[in-house]
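Fold and contact review
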Amino acid sequence: MNDKIRKLLVLSNLIVVLAFLGKEVWQKERIKEKGELFLFALAPVDPRSLMQGDYMRLGYEITRTNFSQDLPNRGFLIFTPDSDGVARFVRFQKDSEPISTNEKKIKFHRSQFAVSFGAEEYFFQEGTADKFSEAKFGGLKVDSEGNGILVGVYDKDRKEIR
């Protein structure tokens, strides 16, 4: 293979990778901007990583208390928000529909022992772990397709911890 073809292949691969990453970033920003905020109660977490700095490994009560080995590998967690926007479990289902008008959905994937939204780590400034230990809710913005992104953690009074 001559040098020109090799350079062209490298350049075209770089363009594809950058386009893919740009699309992913754009989608996440769109969810942050237009998604609806829901609070998911947190289960106990591990607040530190020596290699990564301070962060919280989030576990959601809604997925832990309703986990079952017979869940599909991917699907939707259907929930209803209460008057404070806190998600209340309704059911797991494989497809995005059907849902009733008061129900909301968020995509999940299942590993052998857990269900994940893809929003299980929250990084924060080193040395501020004490205030984040008060976190009781994870705030996720969710779009109409069930895509979610973690936007913050909240205390028992549903106030964002910064």
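On a predicted model such as this, the values are computed, not experimentally measured, just so you know.

We now examine the domain arrangement of the chain. If you check the domain split of the chain, you get domain 1 (1–34) and domain 2 (36–161). Each of domain 1 and domain 2 was reduced to a C-alpha centroid, and the two centroids are 30 Å apart. On the side of domain 2, 7 residues touch domain 1, which itself brings 4 residues to the contact. With both sides pooled, the region where domain 1 packs onto domain 2 buries about 480 Å², and carbon together with sulfur makes up 68% of that total. Among the residues of domain 1 in contact with domain 2, K28, I31 and K32 are the three that bury the most area, contributing 86% of the side total. Joining domain 1 to domain 2, the criterion identifies 0 salt bridges. Along the contact surface separating domain 1 from domain 2 lie 1 residue pair in polar contact (both at pLDDT 80 or more). A class-by-class count of the residues in the side of domain 1 that touches domain 2 yields 1 nonpolar, no polar and 3 charged.

Turning our attention to the pattern of salt bridges. Under the criterion given, the structure shown has 9 salt bridges. Across the salt bridge formed by D82 and R88, the nearest N and O atoms sit 2.8 Å from each other. A salt bridge links E160 to R162; the nearest nitrogen and oxygen atoms lie 3.0 Å apart.

Further remarks concern helix α1 (residues 3–34). When the terminal C-alpha atoms of α1 are compared, their 46 Å separation across 32 residues agrees well with the 46 Å that a helix rising 1.5 Å per residue should span. The backbone nitrogen of K4 lies 3.1 Å from a side-chain oxygen of the residue at the head of α1, namely N2.

This next bit is on the pairing of strand β8 (residues 137–142). Of all the 6 residues making up β8, 5 are buried; the element is thus mostly covered by neighbouring parts of the structure. Looking at chain direction, β8 and strand β9 (residues 148–154) are connected through 6 bridges and run antiparallel. The partner of L140 across the bridge, within β9, is L150.

What follows concerns the side chain of R110. You can see R110 is positioned in strand β5 (residues 104–110). For the buried R110, no salt bridge is present, and the opposite-charge side chain at shortest range is D70, 7.5 Å distant. Within the structure, R110 has its side chain in polar contact with the backbone oxygen of L71 (distance 2.9 Å).

Side chains of L11, L14, I15, V17, L18, F20 and L21 sit close together on the surface and give an oily, nonpolar patch of about 680 Å² of accessible area. By the element assignment, F20 lies in helix α1.

Ordered in space as β4-β3-β5-β6, the 4 strands form an open sheet in which the pairing is antiparallel. One side of each edge strand has no neighbouring strand; the edge strands of this open sheet are β4 (87–93) and β6 (115–116). Relative to β6, β5 runs antiparallel, the two sharing 2 bridges. Note that in β6 the partner of R110 across the bridge is V115.

For the rest of this paragraph, the subject is the nonpolar core. Counting residues in hydrophobic clusters, the biggest one holds 26 residues, and the most contacted among them are F40, Y60, F117 and L140. Where this core is concerned, the elements lending two or more residues are β1 (36–49), β2 (53–60), β3 (74–81), β4, β5, β8 and β9. The residues contacting Y60, other than those within four sequence positions of it, are F40, A41, L42, A43, F117, A119, E120, G138, L140 and L150.

Counting buried positions along β3 yields 6 of 8 residues, so the element is predominantly enclosed. Pairing geometry for β3 and β5, over 6 bridges, is antiparallel. When the sheet's bridge partners are listed, F79 is paired in β5 with K104. Examined bridge by bridge, β3 and β4 share 6 bridges and lie antiparallel to one another. If you follow I78 over to β4, its bridge partner there is R91.

Conventions used here
- Residues numbered from 1 in each chain as written.
- Predicted model: local features only at pLDDT ≥ 70, side-chain atom pairs only at ≥ 80, totals over all residues.
- Heavy atoms only, no water.
- Domains from an automatic or database assignment.
- Contact = heavy atoms within 4.5 Å.
- Buried area = accessible area lost by both parts, 1.4 Å probe.
- Salt bridge = Lys/Arg side-chain N within 4 Å of Asp/Glu carboxyl O.
- Polar contact = N/O pair within 3.5 Å; in protein donor to acceptor, adjacent residues only side chain to side chain.
- Nonpolar A, V, L, I, M, F, W, Y, C, P; charged D, E, K, R; others polar.
- Helix = DSSP H or I, 4+ residues; strand = E, 2+ residues; numbered from the N terminus.
- Expected span 1.5 Å × (residues − 1).
- Buried < 20%, exposed > 50% of the residue type's maximum accessible area, 1.4 Å probe, protein only.
- Pairing = 2+ DSSP bridges.
- Lys, Arg positive; Asp, Glu negative; His and termini not counted.
- Patch = residues over 30% accessible without salt bridge, like charges linked within 9 Å, V, L, I, M, F, W, Y side chains within 5 Å.
- Areas by Shrake-Rupley, 256 points an atom, 1.4 Å probe, with all protein chains shown as cover.
- Core = buried A, V, L, I, M, F, W, Y, C linked by side-chain atoms within 4.5 Å.

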